[in-house]
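Structure assessment
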Amino acid sequence: MPRVAYVNGRYLRHADAAIHIEDRGYQFADGVYEVCEVARGYIMDMTRHLDRLDRSLRELEIAWPMARPALTAVMREVIRRNRVVNGMVYLQVTRGVAPRDHVFPAPGVKPALVITAKRTDPAAAAKKAETGLKVITVPENRWDRVDIKSVGLLPNVLARQKAKAAGAQEAWFIDPDGTVKEGAATNAWIVTKDGRLVTRPADHGILRGITRATVIDVAAKLGLKVEERGFTVEEAKQAREAFLTAATTVVMPVVEIDGATVANGHPGSVALSLRQSFFDVAEKIKA
Ligand code: PDD
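In short, a report on the structure. (Residues numbered from 1 in each chain as written. Predicted model: local features only at pLDDT ≥ 70, side-chain atom pairs only at ≥ 80, totals over all residues. Heavy atoms only, no water.)

With that settled, consider the nonpolar core. Counting 25 residues, the largest nonpolar core has L53, L71, M75, V89, L91, V93 and I115 as the members making the most contacts within it. Ignoring any residue separated from it by four or fewer positions in sequence, one finds L71 in contact with L50, L53, W64, M66, L91, L113 and I115. (Core = buried A, V, L, I, M, F, W, Y, C linked by side-chain atoms within 4.5 Å. Buried < 20%, exposed > 50% of the residue type's maximum accessible area, 1.4 Å probe, protein only. Contact = heavy atoms within 4.5 Å.)

What follows is the structure, given as structure tokens:
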């Protein structure tokens, strides 16, 4: 069964799907995106993802490419056509196609919309969660509007590649004051010795992760305390647990930071119980 992508009003074979060379996303990274998890046939936390899309679009003064109900219908259709039960749906909105010019195009130019979906293997993810991930740290070198989920991800790409070259799976951006910002494509968390969850406040310094928000809800359900404050790399290395959150990984334990083992080097029980309860607590909309 060939994969299908939605591109500006048409469902196309994924292999043939293309956008114009003067799409502003291609030329200027002038666009935003969202990634939603699809789990057991449900789109997870779609309301929060589309609320964040709305905010990203507003911050960049890009119009919605179509009304929200129509957009959700296309998301569902792409999921259906690709027969995704477990996986993810990706959507990208750019300012549209126009002759290259830094200033915004004339008002008549329509935003461009691409939606894709792909399957992932929940068993492989579960296996990863059983062993945990390694992270490295890199100096923060991104612009200060990383709260906007823009497709301008070059520092994130370079950081993730550096992690891979070092035998790790994620890179944490570190502020000059030594505190952890977030990963290249995940939010960062630790568990203190007395069992409190700590994650950086979702101000302009990080992306306001949807999984992060839902994990705060999960923690409340499990009776766990959450502290939204900065933490240093040193504190993370000494922590009882560390973990990551993102729509692509849900909750993923971290067992090594810059070569230093976290606790006993095995995934912690708090991260694993958050991972286990996530599906029940998150919003689920039938795909
Ligand atoms: N990344 N921080 C950054 C920089 C991210 O790119 C992401 C998500 C997150 C976690 O956000 P959420 O919980 O809403 O997925 C945090 C997506 C998954 C990606 O780029 O593939």
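Having seen the structure, we can now continue with the description.
Now for the site of the ligand. Taken together, the neighbourhood of the ligand is formed by 20 residues, with Y33, E182, I210, T211 and A247 sitting nearest. For the ligand, a nitrogen atom lies 3.3 Å from a polar atom in the side chain of K149. Contacts to the ligand include I210, whose backbone N or O atom sits 2.8 Å from an oxygen atom. Coverage of the ligand by the protein chains reaches 91% of its 470 Å² of free accessible surface. Counting residues per element, the ones that place at least two in the shell around the ligand are β3 (31-39), α2 (46-60), β9 (180-183), α6 (210-221) and β13 (241-246). (Near = heavy atom within 4 Å. Polar contact = N/O pair within 3.5 Å; in protein donor to acceptor, adjacent residues only side chain to side chain. Areas by Shrake-Rupley, 256 points an atom, 1.4 Å probe, with all protein chains shown as cover. Helix = DSSP H or I, 4+ residues; strand = E, 2+ residues; numbered from the N terminus.)

So, about the pairing of strand β7 (residues 133-139). Where β7 meets strand β14 (residues 250-257), three bridges bridge the pair, whose relative direction is parallel. Residue pairing for β14: V135 is matched across the bridge by I257. Bridge count for β7 against strand β8 (residues 170-174) is five bridges, and the pairing is parallel. The residue bridging I136 from the neighbouring strand is A171, located in β8. For the handedness criterion, the β-α-β arrangement of β7, helix α5 (residues 154-165) and β8 is classed as right-handed. (Pairing = 2+ DSSP bridges. Right-handed = clockwise from strand over helix to strand, strands pointing away.)

In this section: the layout of surface pockets. In this model, the second largest pocket occupies a volume close to 190 Å³. Every residue lining the second largest pocket is listed: E61, I62, A63, R95, F104, P105, A106, P107, V109, K110 and P111. Here the lining of the second largest pocket is composed, by residue class, of eight nonpolar, no polar and three charged. (1 Å grid on protein atoms, 1.4 Å probe; cavity = no way out; pocket = protein on both sides within 12 Å on 5 of 7 lines; lining within 4 Å. Points joined across faces, edges and corners; volume = space filled by probe spheres on them. Nonpolar A, V, L, I, M, F, W, Y, C, P; charged D, E, K, R; others polar.)

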